[in-house]
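# Residue-level structural notes
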Amino acid sequence: MLQTLTIRNLALLEALELEFEAGFTAVTGETGAGKSILLGGLALLAGERADKSIVRQGAPACDVSAAIAFAEPDSINALLEELGLPACEEGMLVVRRTVPVDKPQKAWVNGSPATLAALQRLGERWIDFHGPSEPRRLLKEGCQLELLDLFARDREALEAYRREYRDWRDALAEQRRLAEETALSPDQLEYLRQQLRQFEAVDLADDAIEALERDHLRMSRAQELIALAGSVAGSLGGEDGAQGRLALALREARRLAEIDPASAALAERLAAAAVELNDLAAEFTALGQDLANEGEAAEALAARMNAWLEIKRRHGPDAGRARAARDALERRLEVQKDFAGAFAAAERRALDAEQRARAAAARLRGKREKAAQALARAAAEEIGQLGFARAAFEVRVRPATELGPDGDCTCEFLFSPNVGEEPRALARIASSGELARVMLALKAVLAELDGVPVLVFDEVDANVGGEIGRVVGQKMAAIGRSRQVLCVTHLPQVAAQAESHLVVEKDQSKARAVVSIRPIHGQPKARVSELARMLGDRAAKSALAHAAELLGK
């Protein structure tokens, strides 16, 4: 859910810090008061494009930030990882965006710089706008099929199909690759074998390559290492070295112990240090000798390193790329043993994989067709309660011309608000109010299933009367039990059913207009007054009484 929102210098709003509650929040205010500023700030964080005209006049930049909490952050963290962005800490996604007047726009996600495209990808996961200016997800290509799949609960069938589809595409790609090849001549075959023999000179395991590069670096500096080892051994050995000085110190320590037996333990520790020092001197001497005697090993190591460098030059920068190239050469040579047979086998594999994919697609389509009828009935019932008593709603599943990543069919939602009219695609509905209420109905049906946590409705009650307004409010409250809902509304019947209430006000009493947004859900008198204003007159006793009645006061 959206927990906090901070806005600086957006349009007429100078500064705003809001904390949001779970459930249904109503946003009200006079026409022209600036309710769109709140939605505009959220849209910026969801990746909406913006120009510098949104910056408050006289301010250097507009700055918007929000914190969104996820009860189960695994999905959003997976997307963050895909985008190369930091994961959420304790399930909290922190998004920020600035729009300066004279500099490029910037965005951050969890403290790390992010692109506008990344904000858009993330925005699709945490907020869903519905209204005249933002009918985003429902009209987006593929979203209607996604919602149908959500209602059908066919995730397992969809994943099973996608596995078969990927297998078919892979088999088809192999068939096409073989179709582009021809049987190779003996000289061409020998050239491939020579390339393969180059790989045989090097162990391409990751740990083996790491050891080879480390040993080669060590060997390439052998003379420097021999000199250093000799220098250390010389500093330790001989009468003038550390050994000689320690031997003198040990003799004096033992004389001291003869005079003062209490110091005998110190003399023994010094003797142990002398033994360790002798061992160190001997090991440094042996190290230098070993390095000097590794001539043949150095030649073999250099040969392996040269072979590895040639493989890297030809086939890629790491062992994984080299192994893939080697395996491809082996497969190509294996195919050449019976080229015609290999091509026939590839054709059979592609055909078998296509048949399996089509069978999986047919099973998936059957689930969708069955779910489409149930979704249409459920949505039509909800739509009927929202002022469309004789409206028609259909979910049509149509076969596709080819198999695709989502199956062998497409899905389209169709709607007719009036009896006797043929249902049309949602994208062709002229009235934004109609479209908003269709979206509300679908959200009511899918509220428990759709994973987007924040829903924003703008003008969902357009052209709605009082009785239907009450139903709209009930729908909002019902959705708010499983999702966070923000609704800009002009109807007191809707606002009264919200658990939280924000009022947008514009003050033009001074030299410059200023917009403010404040919560009133903890102020019963202020809330009654605002509902009375929405009813027509906050000073009228009848309006105040009606407002109190709507709130159940």
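So, here is what we can say about the structure in this document. Given the structure is predicted, the values throughout are model-derived calculations rather than measurements. (Residues numbered from 1 in each chain as written. Predicted model: local features only at pLDDT ≥ 70, side-chain atom pairs only at ≥ 80, totals over all residues. Heavy atoms only, no water.)

### Side note on the overall build of the chain
- Of the regular secondary structure elements, the chain holds 19 helices and 15 strands.
- Counting over 553 residues, the chain shows a buried share of 44%.
- Residue pairs at least 24 apart in sequence account for 70% of intrachain contacts in the chain once pairs closer than 6 positions are excluded.
- Element-wise, carbon and sulfur atoms account for 50% of the exposed surface of the chain, whose accessible area totals about 29,500 Å². (Helix = DSSP H or I, 4+ residues; strand = E, 2+ residues; numbered from the N terminus. Buried < 20%, exposed > 50% of the residue type's maximum accessible area, 1.4 Å probe, protein only. Contact = heavy atoms within 4.5 Å. Areas by Shrake-Rupley, 256 points an atom, 1.4 Å probe, with all protein chains shown as cover.)

### Observations concerning the sheet that holds strand S1 (residues 2–10)
- If you walk across this open sheet you meet the 6 strands as S2-S1-S4-S5-S6-S7, and the pairing is antiparallel. In this open sheet, the two edge strands, each paired with only one partner strand, are strand S2 (13–19) and strand S7 (112–113).
- Of the strand pairs in this sheet, S1 and S2 are connected by 6 bridges, and their pairing is antiparallel. Opposite Arg-8, over in S2, you have Ala-15 as the bridge partner.
- Against the sheet, helix H3 (residues 116–126) contacts strand S4 (61–69), strand S5 (92–100) and strand S6 (106–109), and its axis sits at roughly 135° relative to S5. (Pairing = 2+ DSSP bridges. Axes fitted to C-alpha atoms, helices over the stretch in contact; angles between N-to-C directions.)

### Regarding unusual backbone geometry
- Even without glycine at this site, Asn-9 takes up a positive phi of about 60°.
- Judged by its relative accessible area of 16%, Asn-9 is buried.
- Positive phi values are uncommon outside glycine, yet Asn-110 reaches one of about 50°.

### Notes on helix H1 (residues 35–45)
- The element H1 is largely enclosed, with a buried count of 9 among its 11 residues.
- Those residues of H1 not exposed but buried are Lys-35, Ile-37, Leu-38, Leu-39, Gly-41, Leu-42, Ala-43, Leu-44 and Leu-45.

### Things to note about the nonpolar core
- With 54 residues, the main nonpolar core has Phe-393, Val-395, Phe-413 and Met-476 as its most contacted residues.
- Filtering out sequence-adjacent residues up to four positions away, Met-476 remains in contact with Phe-24, Leu-440, Phe-457, Val-460, Val-485 and Cys-487.
- Ala-43, Cys-62, Ile-68 and Leu-502 belong to the second-largest nonpolar core, a separate cluster that totals 50 residues. (Core = buried A, V, L, I, M, F, W, Y, C linked by side-chain atoms within 4.5 Å.)

### Overview of the packing of aromatic side chains
- Under the defined criterion, the tally for this structure stands at 3 aromatic pairs.
- Within the aromatic cluster, the residues linked to one another by ring pairs are Tyr-161, Tyr-165 and Trp-168.
- Here Arg-96 stacks its cationic end above the ring of Trp-108, 4.6 Å away from the centre of that ring.
- Its end group placed over the ring of Trp-168, Arg-169 keeps NZ or CZ at 5.5 Å from the ring centre. (Phe/Tyr/Trp six-rings, centres within 6.5 Å; stacked < 30°, edge-to-face > 60°. Lys NZ or Arg CZ within 6 Å of the ring centre and 35° of its normal.)

### Notes on the environment of Glu-21
- Along the chain, Glu-21 turns up in the loop between S2 and strand S3 (24–28).
- The exposure class of Glu-21 is partly exposed, given its relative accessible area of 41%.
- Expressed as a C-alpha distance, the spacing of Glu-21 and Gln-484, which sit 463 residues apart in the sequence, is 8.0 Å.
- Here Glu-21 is in contact with Met-1, Gln-484, Ser-500 and His-521, once residues within four sequence places are set aside.

### As for the pairing of strand S13 (residues 484–488)
- Most of S13 sits inside the fold, with 5 of its 5 residues counted as buried.
- The pairing of S3 with S13 spans 4 bridges and is classified as parallel. Bridging across to S13, Val-27 finds its partner in Val-488.
- When strand S12 (residues 454–458) meets S13, the two strands line up parallel, connected through 5 bridges. Along S13, the bridge assignment pairs Phe-457 with Cys-487.

Interpretation in functional terms is not warranted from these geometric data alone.
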